[in-house]
Amino acid sequence: MANHKSAEKRIRQTEKRTERNRYYRTRIKNIIKAVREAVSANDIAKAQESLKVANKELHKFVTKGIIKKNTASRRVSRLNASVKKIAFKVA
């Protein structure tokens, strides 16, 4: 248990930050999952639309400081590669 005012404040700040980060982590996972599900269903239109949303959202999280720029770029790149792979399979 915290014995100093500053320690009590740090606990409150940590709780807020943890809650906020949990929201963003869940959001990122759901965005990526939407693209992967569309790819596994071979739904090109839905996959491309989900990829567009993923690209926008992940890079928005970069500007908010939630994830690093290279992390967002890597994830978008891998999703884009999987979408292109099904596009060539069907074509």
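The structure we're discussing is the one just above.
Residues numbered from 1 in each chain as written. Predicted model: local features only at pLDDT ≥ 70, side-chain atom pairs only at ≥ 80, totals over all residues. Heavy atoms only, no water.

Draft legend 1. Here's a closer look at the overall build of the protein chain. Looking only at helices and strands, one finds 3 helices and 0 strands in the protein chain. Walking the protein chain from its N terminus toward its C terminus, one meets helices and strands in the order α-α-α. Computed over C-alpha atoms, the radius of gyration of the protein chain comes to 18 Å, more than 25% over the 12 Å expected from 2.2 N^0.38 for 91 residues, which places it beyond the range of a compact globule. Put simply, the protein chain has 91 residues, and 24% of those count as buried. For the protein chain, restricting intrachain contacts to residue pairs at least 6 apart in sequence, the fraction spanning at least 24 positions comes to 57%. As presented, the protein chain carries roughly 7100 Å² of accessible surface, and 50% of it is formed by carbon and sulfur atoms. (Helix = DSSP H or I, 4+ residues; strand = E, 2+ residues; numbered from the N terminus. Rg over C-alpha atoms; globule rule 2.2 N^0.38 Å. Buried < 20%, exposed > 50% of the residue type's maximum accessible area, 1.4 Å probe, protein only. Contact = heavy atoms within 4.5 Å. Areas by Shrake-Rupley, 256 points an atom, 1.4 Å probe, with all protein chains shown as cover.)

Draft legend 2. Summary view of the packing of helix α1 (residues 5-40) against helix α2 (residues 44-64). Close contact between α1 and α2 brings their axes to 8 Å; oriented N to C, the two are set at 160°. Compared by their axis directions, α1 and α2 come out roughly antiparallel. In this structure, α1 crosses over α2, and the sense of that crossing is left-handed. Here Tyr24, Arg27, Ile28, Ile31, Ala34, Val35, Ala38 and Val39 of α1 lie close against α2, whose contacting residues are Lys46, Ala47, Ser50, Leu51, Ala54, Glu57, Leu58, Phe61 and Lys64. Here the contact of α1 with α2 is composed, by residue class, of 12 nonpolar, 1 polar and 4 charged. (Axes fitted to C-alpha atoms, helices over the stretch in contact; angles between N-to-C directions. Parallel < 35°, antiparallel > 145°, perpendicular 65-115°, else oblique. Left-handed = near helix turned anticlockwise from the far one by under 90°. Nonpolar A, V, L, I, M, F, W, Y, C, P; charged D, E, K, R; others polar.)

Draft legend 3. Quick look at the environment of Ala81. Structurally, the position occupied by Ala81 is in helix α3 (residues 69-90). Between the alpha carbons of Ala81 and Leu58 there is a distance of 16 Å; along the sequence they are 23 residues apart.

Draft legend 4. A look at a positive patch on the surface. A cluster of basic side chains, namely Lys5, Lys9, Arg10, Arg12, Lys16, Arg17 and Arg20, defines a positive patch on the protein surface. With respect to the helices, strands and loops of the structure, Arg17 is situated in helix α1. (Patch = residues over 30% accessible without salt bridge, like charges linked within 9 Å, V, L, I, M, F, W, Y side chains within 5 Å. Salt bridge = Lys/Arg side-chain N within 4 Å of Asp/Glu carboxyl O. Lys, Arg positive; Asp, Glu negative; His and termini not counted. Charge placed at Lys NZ, Arg CZ, Asp CG, Glu CD.)

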